[in-house]
Amino acid sequence: MKINSICCLGAGYVGGPTMAMIAAKCPHITVTVCDMNQARIDAWNSDTLPVYEPGLKEIVEKSRGKNLHFTTDLKPSIAGADLIFVCVGTPTKSYGIGAGRAADLRYIESAARLIAEVSEGNKIIVEKSTIPVKTATAIQSIIAANNSSNATFQVLSNPEFLAEGTAVTDMENPDRILIGGEQTPEGREALEALVAVYENWVPRERIITTNLWSSELSKLVANAFLAQRISSINSISALCEATGADVDEVSRAIGTDSRIGPKFLKSSVGFGGSCFQKDLLNLVYLCESFNLHEPAAYWRSVVTMNDWQKSRFVEKIVRTLFNTVNGKRIAILGFAFKKDTNDTRESAAINICRDLIAENAQVVIYDPRVPFATIQRDLLEVGVSQQLIDSNVEIAADPYAAAKGAHALATLTEWDEFRDLDLPKIHELMLKPAFVFDGRAILPAEALAKHGFEAFIIGKG
Ligand code: NAD
Ligand code: UGA
């Protein structure tokens, strides 16, 4: 089975970049990315892509209009494809059974129904969205019950491991590609067809093949383990502050043990992003569904620690500013959930700003990539009223405008440009005492002290 034509349902942070990479590496394959969101598709077809990622624009421009297409015309794209990636969102369910924990699979289901409706011949369906174990069975059942023609389907699992901000390098040089398939002759044939697509640029030994359920579960487990490391080091950051230890020194000391390793040990104001919390909650729900209450509680605690890290940061600001921030200007540097992305989903900055506004602080936000409309939407979503946004939120054009007249400054995203701020200038612009709360430990501690700031740095005693 040779793949000549690929369709992808979902033109989001995963669908757009991953398909652009496949198109760039496989000029012999036609790749069509579909979404019903017209504005998103228009943006993919424009000079201002809907996703900011270093290096992405170049990759898209290399193939767009040749073997890479973005369209809202879903049905013909599905009908003409040999292989269909499903890259739709799987957010945490906000209603009904499993609300607040289970994955909402309505977009997966609508994609499966659409595929069944318009397909003919042999199709390979690839789950790239992150989903609970056994979702492939649900897709197979929906398709079997709605297959009006004589089409045949194989469902594969191929979870995506890219991280935002480094998506292009992650895809270009992945640690591994994981593909799960049914252990039948047809399943193995489909699996090898997808392996052959990736082999255009990924060495065969880095392509791991498993059964369907191992692949589906591995994605949730990978995110859970990564998030657990951050919560672990964040729990230690509080202990460092209490004892006079330095969390970065502790991270270095433990990370040089080859069994522990140095990555994902950077203490922060709490992990954000669309997936860690969602996937942890999904894992918790899955454990509970099998009456595995202790494993469920164990993974739930990773989220609890992350929530605590965000709220204790706000508490630190309020207590340090003489127990009140009422009417005080707080400069917020960074709103994205990490550097090098315009994505703010579950960013720690959202809850921190919400809680500061609840204390009647004036927050003045600067982020190099996040527009006001996004910040406004995020604050509305967590319950900040439009009236409070109008009265208590300002957007600054640069870090210095944010610092002007501020009682305190807080770094919430580790953008590189914050590492070499003109500290004497910032100090001069701020009210005195000039308080700094470095939630990412990126500012130089000695220079802050030298220039007269009252500085709190996460994880430093
Ligand atoms: P997203 O919200 O950015 O994009 C999803 C898109 O799917 C939306 O544009 C939506 O309009 C579209 N869509 C919904 N139903 C559709 C349908 N039936 N047909 C066509 N399009 C449809 O989401 P995302 O961040 O790209 O994440 C997608 C999946 O990938 C999720 O399961 C997520 O957990 C997983 N994932 C995300 C990342 C990441 O870095 N964002 C990394 C790895 C895995
Ligand atoms: C994460 C995983 O790293 C990807 O492998 C996975 O594909 C993706 O989730 C997903 O499934 O969506 P992402 O959320 O884009 O990627 O970014 P990360 O680099 O993992 O950062 C997540 C959050 O943890 C950010 O807020 C970041 O600032 C924080 N973080 C990360 C820390 O606080 N400390 C660290 O040491 C590392």
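Preceding this paragraph is the structure being described.
Overview of the structure. Everything numeric here is computed off the predicted structure, so don't read it as measured data.

Parameters and conventions
Residues numbered from 1 in each chain as written. Chains lettered and ligands numbered in written order. Predicted model: local features only at pLDDT ≥ 70, side-chain atom pairs only at ≥ 80, totals over all residues. Heavy atoms only, no water. Near = heavy atom within 4 Å. Polar contact = N/O pair within 3.5 Å; in protein donor to acceptor, adjacent residues only side chain to side chain. Areas by Shrake-Rupley, 256 points an atom, 1.4 Å probe, with all protein chains shown as cover. Helix = DSSP H or I, 4+ residues; strand = E, 2+ residues; numbered from the N terminus. Contact = heavy atoms within 4.5 Å. Buried < 20%, exposed > 50% of the residue type's maximum accessible area, 1.4 Å probe, protein only.

1. Structural notes on the site of ligand 2
Line of reasoning, step 1. Among the 20 residues in the neighbourhood of ligand 2, the closest are listed as L162, S268, C275, F337 and R440.
Line of reasoning, step 2. In this structure, an oxygen atom belonging to ligand 2 sits 2.8 Å away from a side-chain N or O atom of N223.
Line of reasoning, step 3. Within the side chain of R440, an N or O atom sits 2.7 Å from an oxygen atom of ligand 2.
Line of reasoning, step 4. Relative to its free-state accessible area of 700 Å², ligand 2 is covered by the protein chains to the extent of 89%.
Line of reasoning, step 5. A total of four residues in the shell around ligand 2 trace back to one element, the largest contributor, which is helix α9 (residues 212-243).

2. Quick notes on the environment of L412
Line of reasoning, step 1. By secondary structure assignment, the location of L412 is in the loop between β12 (408-411) and α17 (423-429).
Line of reasoning, step 2. With residues near it in sequence (within four places) discarded, L412 still touches V269, F313, I332, L333, G334, A349, I352 and R440.

3. Thoughts on unusual backbone geometry
Line of reasoning, step 1. Note the cis peptide between K432 and P433, where omega equals -5 degrees.
Line of reasoning, step 2. Assignment of secondary structure puts P433 in the loop between α17 and β13 (435-438).
Line of reasoning, step 3. Its identity is not glycine, yet K134 carries a phi of approximately 85 degrees, on the positive side.
Line of reasoning, step 4. Within the secondary structure, K134 is located in the loop between β5 (122-127) and α6 (135-146).
Line of reasoning, step 5. Using a relative accessible area of 46% as the deciding quantity, one classes K134 as partly exposed.
Line of reasoning, step 6. For E346, which is not a glycine, the phi torsion comes out positive at approximately 60 degrees.
Line of reasoning, step 7. Its place among the elements puts E346 in the loop between β9 (329-333) and α13 (348-358).

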